[in-house]
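# Per-entry structural report
Each chain, letter by letter, is given below.
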Amino acid sequence: MKVLVTGGAGYIGSHVVRQLGEAGHDIVVFDNLSTGYRWAVTCGELVVGDLADEQAIADLFSRHQFEAVLHFAANIVVPESVENPLKYYSNNTRNTLNLLKAVEQYQVPYMVFSSTAAVYGMPEETVLTEDLPLAPINPYGASKMMSERMIMDLAAASSLNYVILRYFNVAGANPEGLLGQATPEATHLIKVACECVTGKRDGMSVFGTDYDTRDGTCIRDYIHVEDLAKAHVMALDYMAGGGESRVLNCGYGRGFTVREVIDVVKRKSGNDFPVQETGRRAGDPAALMADNSRIKQVLGWQPDYDDLNTIVGTALAWEKIWHEKQG
Ligand code: UDP
(Lines give C-alpha, C1' and ligand atoms only; values in the text may rest on other atoms or scores of the structure.)
Protein backbone atom coordinates (compact mmCIF):
# COMPACT_ATOMS: atom_id res chain seq x y z
CA MET A 1 0.00 0.00 0.00
CA LYS A 2 1.14 3.55 -0.68
CA VAL A 3 1.06 5.22 2.73
CA LEU A 4 1.65 8.69 4.11
CA VAL A 5 3.10 8.81 7.61
CA THR A 6 2.94 12.24 9.24
CA GLY A 7 5.37 12.52 12.13
CA GLY A 8 7.22 9.45 10.86
CA ALA A 9 10.57 10.85 12.06
CA GLY A 10 9.39 10.87 15.68
CA TYR A 11 9.56 8.25 18.39
CA ILE A 12 6.49 6.14 17.68
CA GLY A 13 6.21 7.04 14.00
CA SER A 14 9.77 5.90 13.27
CA HIS A 15 9.12 2.45 14.77
CA VAL A 16 5.94 2.15 12.71
CA VAL A 17 7.74 3.23 9.53
CA ARG A 18 10.28 0.47 10.04
CA GLN A 19 7.59 -2.19 10.48
CA LEU A 20 5.62 -0.84 7.52
CA GLY A 21 8.77 -1.10 5.40
CA GLU A 22 9.30 -4.70 6.52
CA ALA A 23 5.68 -5.44 5.58
CA GLY A 24 6.39 -4.14 2.07
CA HIS A 25 4.47 -0.86 2.12
CA ASP A 26 5.54 2.10 0.00
CA ILE A 27 6.13 4.93 2.49
CA VAL A 28 6.26 8.71 2.34
CA VAL A 29 7.08 10.41 5.65
CA PHE A 30 5.99 14.01 6.16
CA ASP A 31 7.62 15.59 9.20
CA ASN A 32 8.73 19.09 10.22
CA LEU A 33 11.64 17.62 12.22
CA SER A 34 10.66 19.74 15.24
CA THR A 35 11.10 16.75 17.55
CA GLY A 36 11.95 14.08 14.97
CA TYR A 37 15.18 13.17 13.19
CA ARG A 38 16.27 12.38 9.67
CA TRP A 39 18.20 9.31 10.84
CA ALA A 40 15.00 7.90 12.34
CA VAL A 41 13.41 7.50 8.90
CA THR A 42 14.82 4.12 7.94
CA CYS A 43 12.46 3.37 5.02
CA GLY A 44 10.74 5.31 2.30
CA GLU A 45 11.02 8.95 1.33
CA LEU A 46 11.20 11.84 3.82
CA VAL A 47 9.46 15.08 2.89
CA VAL A 48 10.30 17.86 5.34
CA GLY A 49 7.26 20.03 5.81
CA ASP A 50 4.66 21.27 8.24
CA LEU A 51 0.97 20.42 8.38
CA ALA A 52 0.26 24.10 9.05
CA ASP A 53 1.33 24.67 5.43
CA GLU A 54 -1.73 23.80 3.33
CA GLN A 55 0.19 24.39 0.10
CA ALA A 56 2.79 21.82 1.16
CA ILE A 57 0.00 19.32 1.88
CA ALA A 58 -1.60 20.03 -1.49
CA ASP A 59 1.75 19.47 -3.26
CA LEU A 60 2.27 16.21 -1.38
CA PHE A 61 -1.14 14.79 -2.23
CA SER A 62 -0.93 15.88 -5.86
CA ARG A 63 2.39 14.03 -6.26
CA HIS A 64 1.28 10.77 -4.57
CA GLN A 65 -1.91 8.76 -4.65
CA PHE A 66 -2.07 7.61 -1.03
CA GLU A 67 -4.19 4.64 -0.03
CA ALA A 68 -3.70 5.31 3.65
CA VAL A 69 -2.64 8.09 5.98
CA LEU A 70 -1.13 7.34 9.39
CA HIS A 71 -1.20 10.54 11.39
CA PHE A 72 1.33 10.80 14.22
CA ALA A 73 2.50 14.42 13.92
CA ALA A 74 1.54 16.22 17.12
CA ASN A 75 2.80 17.86 20.28
CA ILE A 76 2.42 15.61 23.31
CA VAL A 77 3.60 17.38 26.47
CA VAL A 78 0.69 17.75 28.88
CA PRO A 79 2.06 20.56 31.12
CA GLU A 80 3.08 22.54 28.03
CA SER A 81 -0.45 22.17 26.69
CA VAL A 82 -1.80 23.73 29.89
CA GLU A 83 0.56 26.70 29.58
CA ASN A 84 0.21 27.12 25.85
CA PRO A 85 -3.16 25.63 24.82
CA LEU A 86 -3.35 27.33 21.44
CA LYS A 87 -0.11 25.63 20.37
CA TYR A 88 -1.95 22.33 20.89
CA TYR A 89 -5.17 23.40 19.19
CA SER A 90 -3.04 24.67 16.28
CA ASN A 91 -0.48 21.90 15.87
CA ASN A 92 -2.78 19.05 16.81
CA THR A 93 -6.39 19.98 16.05
CA ARG A 94 -6.10 22.53 13.26
CA ASN A 95 -3.29 20.67 11.50
CA THR A 96 -5.39 17.49 11.60
CA LEU A 97 -8.14 19.49 9.93
CA ASN A 98 -5.68 20.61 7.23
CA LEU A 99 -4.70 17.00 6.65
CA LEU A 100 -8.33 15.85 6.57
CA LYS A 101 -9.15 18.37 3.85
CA ALA A 102 -6.62 16.62 1.60
CA VAL A 103 -7.84 13.17 2.72
CA GLU A 104 -11.33 14.23 1.65
CA GLN A 105 -10.30 15.88 -1.59
CA TYR A 106 -8.15 12.95 -2.73
CA GLN A 107 -10.58 10.34 -1.37
CA VAL A 108 -7.98 8.50 0.66
CA PRO A 109 -9.74 5.32 1.80
CA TYR A 110 -7.94 4.55 5.08
CA MET A 111 -6.69 6.49 8.06
CA VAL A 112 -4.95 5.43 11.28
CA PHE A 113 -4.88 8.09 13.97
CA SER A 114 -2.65 8.36 17.06
CA SER A 115 -4.89 9.19 19.97
CA THR A 116 -4.34 8.87 23.66
CA ALA A 117 -5.78 7.64 26.93
CA ALA A 118 -5.71 11.34 27.91
CA VAL A 119 -9.09 11.65 26.14
CA TYR A 120 -10.63 9.78 29.10
CA GLY A 121 -9.48 12.40 31.63
CA MET A 122 -9.78 11.31 35.30
CA PRO A 123 -12.24 8.42 35.15
CA GLU A 124 -13.56 6.63 38.24
CA GLU A 125 -12.65 3.30 36.67
CA THR A 126 -9.05 2.11 36.60
CA VAL A 127 -9.44 -0.32 33.69
CA LEU A 128 -10.79 1.70 30.77
CA THR A 129 -12.96 0.53 27.91
CA GLU A 130 -13.33 2.50 24.70
CA ASP A 131 -16.99 3.22 25.52
CA LEU A 132 -16.26 5.48 28.51
CA PRO A 133 -17.35 9.07 28.09
CA LEU A 134 -14.57 11.33 26.87
CA ALA A 135 -13.67 13.98 29.43
CA PRO A 136 -10.12 15.22 28.89
CA ILE A 137 -8.75 17.41 31.67
CA ASN A 138 -6.02 19.19 29.71
CA PRO A 139 -5.66 20.84 26.29
CA TYR A 140 -3.50 17.99 25.00
CA GLY A 141 -6.28 15.45 25.60
CA ALA A 142 -8.89 17.87 24.30
CA SER A 143 -6.90 18.55 21.12
CA LYS A 144 -6.79 14.80 20.43
CA MET A 145 -10.47 14.31 21.28
CA MET A 146 -11.40 17.03 18.81
CA SER A 147 -9.23 15.43 16.13
CA GLU A 148 -10.92 12.07 16.76
CA ARG A 149 -14.29 13.70 16.32
CA MET A 150 -13.33 15.35 13.02
CA ILE A 151 -12.11 12.03 11.67
CA MET A 152 -15.34 10.28 12.74
CA ASP A 153 -17.52 13.00 11.22
CA LEU A 154 -15.61 12.96 7.93
CA ALA A 155 -15.84 9.17 7.81
CA ALA A 156 -19.62 9.37 8.37
CA ALA A 157 -19.92 11.76 5.43
CA SER A 158 -17.53 9.99 3.03
CA SER A 159 -16.02 6.65 2.12
CA LEU A 160 -13.15 7.11 4.62
CA ASN A 161 -12.51 4.25 7.04
CA TYR A 162 -10.42 4.82 10.16
CA VAL A 163 -8.81 3.08 13.07
CA ILE A 164 -8.26 5.42 16.01
CA LEU A 165 -5.70 4.00 18.43
CA ARG A 166 -5.75 5.32 21.99
CA TYR A 167 -2.26 4.83 23.35
CA PHE A 168 -1.57 4.21 27.02
CA ASN A 169 2.03 4.75 28.27
CA VAL A 170 4.38 4.02 25.40
CA ALA A 171 7.96 3.11 26.26
CA GLY A 172 10.90 0.94 25.19
CA ALA A 173 12.84 0.93 21.96
CA ASN A 174 13.70 -1.16 18.94
CA PRO A 175 15.38 -4.30 20.39
CA GLU A 176 18.25 -4.08 17.86
CA GLY A 177 19.12 -0.60 19.07
CA LEU A 178 18.27 1.01 15.72
CA LEU A 179 15.60 3.40 17.00
CA GLY A 180 14.33 4.79 20.26
CA GLN A 181 13.01 7.84 21.97
CA ALA A 182 15.25 10.81 21.27
CA THR A 183 12.74 13.51 22.15
CA PRO A 184 14.50 16.52 23.62
CA GLU A 185 13.29 17.44 27.14
CA ALA A 186 11.25 14.29 27.55
CA THR A 187 8.96 14.15 30.58
CA HIS A 188 7.85 10.51 30.50
CA LEU A 189 8.74 8.33 33.45
CA ILE A 190 10.83 5.57 31.83
CA LYS A 191 12.70 8.01 29.60
CA VAL A 192 13.47 10.31 32.55
CA ALA A 193 14.74 7.38 34.65
CA CYS A 194 16.95 6.19 31.77
CA GLU A 195 18.40 9.69 31.43
CA CYS A 196 19.43 9.48 35.09
CA VAL A 197 21.42 6.34 34.26
CA THR A 198 23.42 7.99 31.46
CA GLY A 199 24.06 11.05 33.62
CA LYS A 200 22.02 13.38 31.43
CA ARG A 201 20.07 14.13 34.61
CA ASP A 202 21.37 14.18 38.17
CA GLY A 203 18.22 12.62 39.58
CA MET A 204 14.48 12.56 39.36
CA SER A 205 11.27 13.06 41.30
CA VAL A 206 8.40 10.77 42.18
CA PHE A 207 5.29 12.88 41.80
CA GLY A 208 3.06 11.88 44.71
CA THR A 209 3.31 9.00 47.17
CA ASP A 210 -0.14 9.32 48.76
CA TYR A 211 -2.31 7.78 46.04
CA ASP A 212 -4.68 4.96 46.84
CA THR A 213 -2.49 2.30 45.19
CA ARG A 214 -0.35 -0.60 46.44
CA ASP A 215 2.67 1.61 47.22
CA GLY A 216 1.09 5.08 47.11
CA THR A 217 2.44 6.00 43.66
CA CYS A 218 0.51 6.13 40.38
CA ILE A 219 -0.12 3.01 38.31
CA ARG A 220 0.20 3.15 34.52
CA ASP A 221 -0.09 0.64 31.70
CA TYR A 222 3.30 0.69 29.94
CA ILE A 223 3.23 -0.69 26.40
CA HIS A 224 6.34 -1.50 24.34
CA VAL A 225 6.64 0.70 21.27
CA GLU A 226 7.16 -2.32 18.97
CA ASP A 227 3.86 -3.86 20.09
CA LEU A 228 2.17 -0.52 19.52
CA ALA A 229 3.78 -0.23 16.08
CA LYS A 230 2.50 -3.69 15.21
CA ALA A 231 -1.05 -2.55 16.01
CA HIS A 232 -0.75 0.11 13.30
CA VAL A 233 0.37 -2.36 10.65
CA MET A 234 -2.46 -4.69 11.66
CA ALA A 235 -4.95 -1.81 11.55
CA LEU A 236 -4.06 -1.20 7.91
CA ASP A 237 -4.45 -4.87 7.06
CA TYR A 238 -7.77 -4.91 8.89
CA MET A 239 -9.18 -2.00 6.88
CA ALA A 240 -7.78 -3.32 3.60
CA GLY A 241 -9.64 -6.56 4.39
CA GLY A 242 -12.91 -4.65 4.63
CA GLY A 243 -12.94 -3.98 8.38
CA GLU A 244 -15.17 -1.17 9.55
CA SER A 245 -14.01 1.93 11.41
CA ARG A 246 -13.02 1.33 15.04
CA VAL A 247 -11.62 3.02 18.13
CA LEU A 248 -9.16 0.76 19.95
CA ASN A 249 -7.24 1.05 23.19
CA CYS A 250 -3.56 0.13 23.03
CA GLY A 251 -2.23 -1.20 26.30
CA TYR A 252 -1.56 -4.48 28.05
CA GLY A 253 -4.33 -4.26 30.64
CA ARG A 254 -1.99 -4.34 33.63
CA GLY A 255 -0.03 -1.66 35.39
CA PHE A 256 3.07 -0.81 37.38
CA THR A 257 3.59 1.85 40.02
CA VAL A 258 6.12 4.65 39.60
CA ARG A 259 8.26 3.05 42.32
CA GLU A 260 8.17 -0.35 40.62
CA VAL A 261 9.30 1.20 37.35
CA ILE A 262 12.17 3.10 38.98
CA ASP A 263 13.26 -0.06 40.84
CA VAL A 264 13.46 -2.00 37.58
CA VAL A 265 15.51 0.77 35.94
CA LYS A 266 17.89 0.81 38.91
CA ARG A 267 18.19 -2.96 39.08
CA LYS A 268 18.77 -3.46 35.36
CA SER A 269 21.29 -0.63 35.12
CA GLY A 270 23.03 -1.21 38.44
CA ASN A 271 22.81 2.56 38.95
CA ASP A 272 21.32 3.88 42.20
CA PHE A 273 20.59 7.42 40.98
CA PRO A 274 18.97 9.92 43.40
CA VAL A 275 15.18 9.91 43.58
CA GLN A 276 13.28 12.59 45.44
CA GLU A 277 9.69 12.18 46.58
CA THR A 278 7.69 15.31 45.84
CA GLY A 279 4.02 16.30 45.74
CA ARG A 280 1.47 15.18 43.19
CA ARG A 281 1.64 16.47 39.64
CA ALA A 282 -1.57 18.25 38.62
CA GLY A 283 -3.97 16.11 36.64
CA ASP A 284 -2.50 12.68 37.37
CA PRO A 285 -5.15 9.99 37.98
CA ALA A 286 -4.11 7.31 40.50
CA ALA A 287 -4.35 4.35 38.11
CA LEU A 288 -4.96 3.96 34.37
CA MET A 289 -5.00 0.66 32.53
CA ALA A 290 -6.41 -0.34 29.18
CA ASP A 291 -9.17 -2.84 28.70
CA ASN A 292 -7.55 -4.30 25.58
CA SER A 293 -10.14 -6.95 24.74
CA ARG A 294 -11.39 -4.99 21.74
CA ILE A 295 -8.05 -4.61 19.94
CA LYS A 296 -7.34 -8.30 20.54
CA GLN A 297 -10.69 -9.29 19.16
CA VAL A 298 -10.90 -6.84 16.24
CA LEU A 299 -7.30 -6.93 14.99
CA GLY A 300 -6.19 -10.25 16.45
CA TRP A 301 -3.37 -8.26 18.09
CA GLN A 302 -1.27 -10.03 20.71
CA PRO A 303 1.71 -8.46 22.45
CA ASP A 304 5.25 -9.79 22.03
CA TYR A 305 6.97 -7.59 24.65
CA ASP A 306 4.57 -7.55 27.60
CA ASP A 307 7.31 -7.55 30.23
CA LEU A 308 8.53 -4.52 32.18
CA ASN A 309 12.09 -5.88 32.21
CA THR A 310 12.09 -6.00 28.41
CA ILE A 311 10.56 -2.55 28.09
CA VAL A 312 13.10 -1.04 30.46
CA GLY A 313 15.99 -3.10 29.03
CA THR A 314 15.40 -1.88 25.48
CA ALA A 315 14.85 1.71 26.69
CA LEU A 316 18.13 1.62 28.64
CA ALA A 317 20.10 0.11 25.77
CA TRP A 318 18.76 2.79 23.43
CA GLU A 319 19.45 5.59 25.92
CA LYS A 320 23.13 4.60 26.00
CA ILE A 321 23.34 4.48 22.21
CA TRP A 322 21.61 7.83 21.90
CA HIS A 323 23.82 9.39 24.57
CA GLU A 324 26.95 8.33 22.64
CA LYS A 325 25.45 9.40 19.30
CA GLN A 326 25.07 12.90 20.68
CA GLY A 327 28.68 12.89 21.92
N1 UDP B 1 6.26 10.50 36.93
C2 UDP B 1 7.12 10.73 38.01
N3 UDP B 1 8.31 11.35 37.75
C4 UDP B 1 8.70 11.76 36.52
C5 UDP B 1 7.82 11.51 35.43
C6 UDP B 1 6.61 10.88 35.69
O7 UDP B 1 6.81 10.40 39.13
O8 UDP B 1 9.79 12.33 36.38
C9 UDP B 1 4.97 9.82 37.18
C10 UDP B 1 3.76 10.64 36.77
O11 UDP B 1 3.34 11.49 37.83
C12 UDP B 1 2.74 9.54 36.47
C13 UDP B 1 3.60 8.42 35.91
O14 UDP B 1 4.93 8.68 36.35
O15 UDP B 1 2.14 9.10 37.66
C16 UDP B 1 3.59 8.36 34.39
O17 UDP B 1 3.82 9.68 33.91
P18 UDP B 1 4.23 9.97 32.40
O19 UDP B 1 4.50 11.44 32.30
O20 UDP B 1 5.31 9.04 31.97
O21 UDP B 1 2.94 9.56 31.55
P22 UDP B 1 1.39 9.98 31.70
O23 UDP B 1 0.74 8.85 32.43
O24 UDP B 1 1.31 11.29 32.42
O25 UDP B 1 0.93 10.06 30.29
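Residues numbered from 1 in each chain as written. Predicted model: local features only at pLDDT ≥ 70, side-chain atom pairs only at ≥ 80, totals over all residues.

Here the focus is the domain arrangement of the protein chain. Looking at the assigned domains, one finds that the protein chain contains domain 1 (2-171 + 223-250) and domain 2 (189-220 + 253-289 + 305-325). The straight-line distance from the C-alpha centre of domain 1 to that of domain 2 is 26 Å. Contacts between domain 1 and domain 2 engage 14 residues on the former and twelve residues on the latter. Within the residue set of the side of domain 1 that touches domain 2, elements represented by two or more residues are strand 6 (127-128), strand 8 (169-171) and helix 7 (225-240). Of the residues belonging to the side of domain 1 that touches domain 2, the class tally is eight nonpolar, four polar and two charged. (Domains from an automatic or database assignment. Contact = placed C-beta atoms within 7 Å. Helix = DSSP H or I, 4+ residues; strand = E, 2+ residues; numbered from the N terminus. Nonpolar A, V, L, I, M, F, W, Y, C, P; charged D, E, K, R; others polar.)

Right, let's talk about unusual backbone geometry for a bit. Peptide bonds are trans in most cases, and residues, glycine excluded, mostly fall at negative phi. With a phi angle near 60 degrees, Leu33 is a residue other than glycine that sits in the positive phi range. Secondary-structure assignment places Leu33 in the loop between strand 2 (26-31) and strand 3 (45-48). What makes Leu33 partly exposed here is the crowd of 15 C-beta atoms within 10 Å. Positive phi, close to 50 degrees, is recorded for Gln107, a residue that is not glycine. Along the chain, the position of Gln107 falls in the loop between helix 4 (85-105) and strand 5 (110-116). (Buried ≥ 20, exposed ≤ 12 C-beta atoms within 10 Å, placed from the backbone.)

Now for helix 7. Counted at 1.5 Å a residue, the expected span for helix 7 with its 16 residues is 22 Å, and the 23 Å between its end C-alpha atoms agrees. Helix 7 sits mainly inside the fold: 13 of its 16 residues count as buried. Positive backbone phi, approximately 100 degrees, marks Gly242, located one or two places after helix 7. (Expected span 1.5 Å × (residues − 1).)

Spatially, the seven strands line up as an open sheet ordered 3-2-1-4-5-7-12, and their pairing is parallel. At either margin of the open sheet sits one strand with a lone partner, and together these are strand 3 and strand 12 (246-250). For this sheet, the mean angle separating the axes of adjacent strands, direction not counted, is 20 degrees. Bridge analysis of strand 4 (residues 68-71) against strand 5 gives four bridges, and the strand direction is parallel. Across the sheet, residue His71 finds its bridge partner in strand 5, namely Phe113. (Pairing = 2+ DSSP bridges. Axes fitted to C-alpha atoms, helices over the stretch in contact; angles between N-to-C directions.)

With respect to topology, four strands assemble into an open sheet ordered 6-15-10-13, the strand pairing being mixed. Each edge of the open sheet is held by one strand with a lone partner, namely strand 6 and strand 13 (256-257). Here strand 6 runs beside strand 15 (residues 287-290); their pairing, made up of two bridges, is parallel. Considered in strand 15, the bridge of Val127 is made with Met289.

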